[in-house]
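Spelled out from the first residue to the last, the chains are:
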Number of protein chains: 2
Amino acid sequence: MDINDEKLIKLFHSRGFKVTPQRLGICNYVLKSTDHPSAEKIYSNIKKKYKTISRATVYKTIALLKEMGLISELNLNTTPSRYDPNQNIHVNIICPKCNSISDYESEVVEEFFLNLKSELDNDILGQNLDVYKICETCSKKK
Amino acid sequence: MDINDEKLIKLFHSRGFKVTPQRLGICNYVLKSTDHPSAEKIYSNIKKKYKTISRATVYKTIALLKEMGLISELNLNTTPSRYDPNQNIHVNIICPKCNSISDYESEVVEEFFLNLKSELDNDILGQNLDVYKICETCSKKK
DNA sequence: TTATCAATTAATAATCATTACTCTTTGATA
DNA sequence: TATCAAAGAGTAATGATTATTAATTGATAA
Ligand SMILES: [Mn+2]
Ligand SMILES: [Mn+2]
Ligand SMILES: [Zn+2]
Ligand SMILES: [Zn+2]
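How each quantity is defined
- Residues numbered from 1 in each chain as written.
- Chains lettered and ligands numbered in written order.
- Predicted model: local features only at pLDDT ≥ 70, side-chain atom pairs only at ≥ 80, totals over all residues.
- Heavy atoms only, no water.
- Buried < 20%, exposed > 50% of the residue type's maximum accessible area, 1.4 Å probe, protein only.
- Helix = DSSP H or I, 4+ residues; strand = E, 2+ residues; numbered from the N terminus.
- Arc of directions from axis to C-beta.
- Contact = heavy atoms within 4.5 Å.
- Donors = N, O, S within 2.8 Å, 3.2 Å for Na, K, Ca; no water.
- Tetrahedral: all angles 85-135°; square planar, octahedral: opposite > 155°, others 65-115°.
- Core = buried A, V, L, I, M, F, W, Y, C linked by side-chain atoms within 4.5 Å.
- Buried area = accessible area lost by both parts, 1.4 Å probe.
- Salt bridge = Lys/Arg side-chain N within 4 Å of Asp/Glu carboxyl O.
- Polar contact = N/O pair within 3.5 Å; in protein donor to acceptor, adjacent residues only side chain to side chain.
- Nonpolar A, V, L, I, M, F, W, Y, C, P; charged D, E, K, R; others polar.
- Pairing = 2+ DSSP bridges.
- Axes fitted to C-alpha atoms, helices over the stretch in contact; angles between N-to-C directions.

J.: What should I look at first to understand helix α3 (residues 39–49) of chain A in this one?
T.: One full turn of an α-helix is made of 3.6 residues, so residues set three or four places apart face in the same direction. Residues and elements named next belong to chain A. Turning to α3, its buried residues number three or more, namely A39, I42, Y43 and I46. Along the axis of α3, the buried residues cluster in a sector spanning 100°; they form a single face. Of the surrounding elements, those touching the buried residues of α3 are α2 (21–32), α4 (55–67) and β2 (82–84).

Right, here's the structure in full:
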């Protein structure tokens, strides 16, 4: 998602949500992230800029982003939830050793989803494709 | 999974786990289930037969079944976790209205997984394919 | 610009699924 | 039948998330 403050402000206003510096900060961080951050990760990052920000604000902004369809929540076997701004059809490859998550997109994935969709009468509301695989870094350290 | 007490008892013994009536009851129920029950559902069911059983025992038996690779845990946006004895490659179709889950298996799904696997160097440790779709029952009630 | 006020925030308490702990009971072995 | 580690029941603790509350602030219009 290529996002900037201007776009975000328009989005919020069009939905009747107020624009606050906390929201802009959180949204920018999450929407630009590629590591599927947890709420705690988002919180500790935004805290650098807004010293007094509360976890509740982070959770509420996450809920907003979900409602607006800009991120999805990943519920993995390992709590806590992680958040994903990549709204393309893709596979999340999760390393069970270090819990890192990386995106995988390919023709195979895309075609699968199109075929599945048509098999299911084209009324799929959402999807989540997870695969567990030891990551590069973890497979190096013996 | 076609399971009976005899098979279960062998499995437990081969792993050095003790065979208890509570375990047999829980395992039989979960392994025969097709509705992806939650821990609470399993608990309330087994409680009919073993009045004094504790949730802790249910959770510990679930952990055993996971460890033995007989079930998988599904973490959906809706807590609590659900458990799935179907170890074939399949899609879980989740209804966001009533949280019912049904299995979907097809050529498309199977081929996708084989192709993905080969694209990822054949070392996938597990997978989870979720799709959200209003179920029959819910789409009927307007 | 300033007043107004509902929406938002920070701080904190509550919730609830899951796990840990402790003490009692029991299955497996000899 | 005795032994004892493993497993059970009951209960406390944990931890992520949500709810609550009182203070603050963004949006609007005078
Ligand atoms: Mn992703
Ligand atoms: Mn299933
Ligand atoms: Zn790793
Ligand atoms: Zn339904």
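J.: I tried to follow the coordination of the zinc ion (ligand 3) on my own but got confused; where do I start?
T.: Angles at a metal have ideal values that depend on geometry: 109.5 degrees with four tetrahedral donors, 90 or 180 degrees with six octahedral donors. All names here are of chain A. All of the protein donors around the zinc ion (ligand 3) are C95 (SG), C98 (SG), C135 (SG) and C138 (SG); their distances to the metal are 2.2 to 2.3 Å. One can describe the donor arrangement at the zinc ion (ligand 3) as tetrahedral, given that its four donor atoms subtend angles of 105 to 114° at the metal. Of note, the donors binding the zinc ion (ligand 3) are all from one chain and are spaced C-x2-C-x36-C-x2-C. In this pair, C98 is assigned in the loop between β3 (91–94) and β4 (101–104) and C138 in helix α6 (residues 136–140), connecting sequence segments 40 residues apart. A relative accessible area of 39% places C98 in the partly exposed class.

J.: Explanation requested: the nonpolar core in the structure shown.
T.: Within soluble globular proteins, side chains that are nonpolar tend to cluster in buried spots. Of all hydrophobic cores here, the largest spans 26 residues; its most connected members are V91 and L116 of chain A together with V91 and L116 of chain B. Not counting chain neighbours up to four residues away, the residues in contact with L116 of chain B comprise V91, Y104, V108, V109 and V131 of chain A together with I124 of chain B. Listed in part, the 23 residues of the second largest apolar core include I26, V30, M68 and Y83 of chain A.

J.: Just to check I follow, could you spell out the interface of chain A and chain B for this structure?
T.: How big an interface is tends to be stated in terms of the accessible area lost upon association of its parts. Each side of the interface is counted separately: chain A has 29 residues, and chain B has 29 residues. The junction of chain A with chain B conceals about 2500 Å² of combined surface from both sides, 63% of it contributed by carbon and sulfur atoms. Summed over the three residues of chain A that lose the most area to chain B, namely V108, F112 and K133 of chain A, the buried surface amounts to 21% of that side. A salt bridge links K133 of chain A to D123 of chain B; its shortest N-O distance comes to 3.1 Å. Where chain A meets chain B, there are 14 residue pairs in polar contact (both at pLDDT 80 or more). Looking at the side of chain A that touches chain B, the elements that each hand over two or more residues are β3, α5 (107–119) and β5 (126–132) of chain A. Of all the elements, β5 of chain A adds the most residues to the side of chain A that touches chain B, at seven residues. Here the side of chain A that touches chain B is composed, by residue class, of 16 nonpolar, seven polar and six charged.

J.: It is not clear to me how the coordination of the zinc ion (ligand 4) should be interpreted in this structure. Could you clarify?
T.: Residue and element names in this part refer to chain B. On the protein side, the zinc ion (ligand 4) has C95 (SG), C98 (SG), C135 (SG) and C138 (SG) as donor atoms, found 2.2 to 2.3 Å from it. Because the angles between the four donor atoms bound to the zinc ion (ligand 4) fall within 105 to 113°, the donor set is best described as tetrahedral. Along the chain, the residues donating to the zinc ion (ligand 4) are arranged with the sequence spacing C-x2-C-x36-C-x2-C. Of this pair, C95 sits in the loop between β3 (91–94) and β4 (101–104) while C138 sits in helix α6 (residues 136–140), placing them 43 residues apart in sequence. Overall, the relative accessible area of 1% leaves C95 in the buried class.

J.: Could you clarify how one ought to interpret the sheet that holds β3 of chain B in this entry?
T.: Sheet strands pair by backbone hydrogen bonding; their relative direction is either parallel or antiparallel. If you trace the six strands from one edge of the open sheet to the other, you get β4(A)-β3(A)-β5(A)-β5(B)-β3(B)-β4(B), paired in mixed fashion. Both edges of this open sheet fall to β4 of chain A together with β4 of chain B, since each of them pairs with a single strand only. Taking the axes of each pair of neighbouring strands and ignoring which way they run, one obtains an average angle of 25° across the sheet. Strand direction decides the pairing type here: β3 of chain A and β4 of chain A, joined by four bridges, are antiparallel. Paired with N92 of chain A across the two strands is D103 of chain A, which belongs to β4 of chain A. Strands in contact with helix α5 (residues 107–119) of chain B are β3, β4 and β5 of chain A together with β3, β4 and β5 (126–132) of chain B; relative to β5 of chain B, the strand with the most contacts, it is inclined by about 135°.

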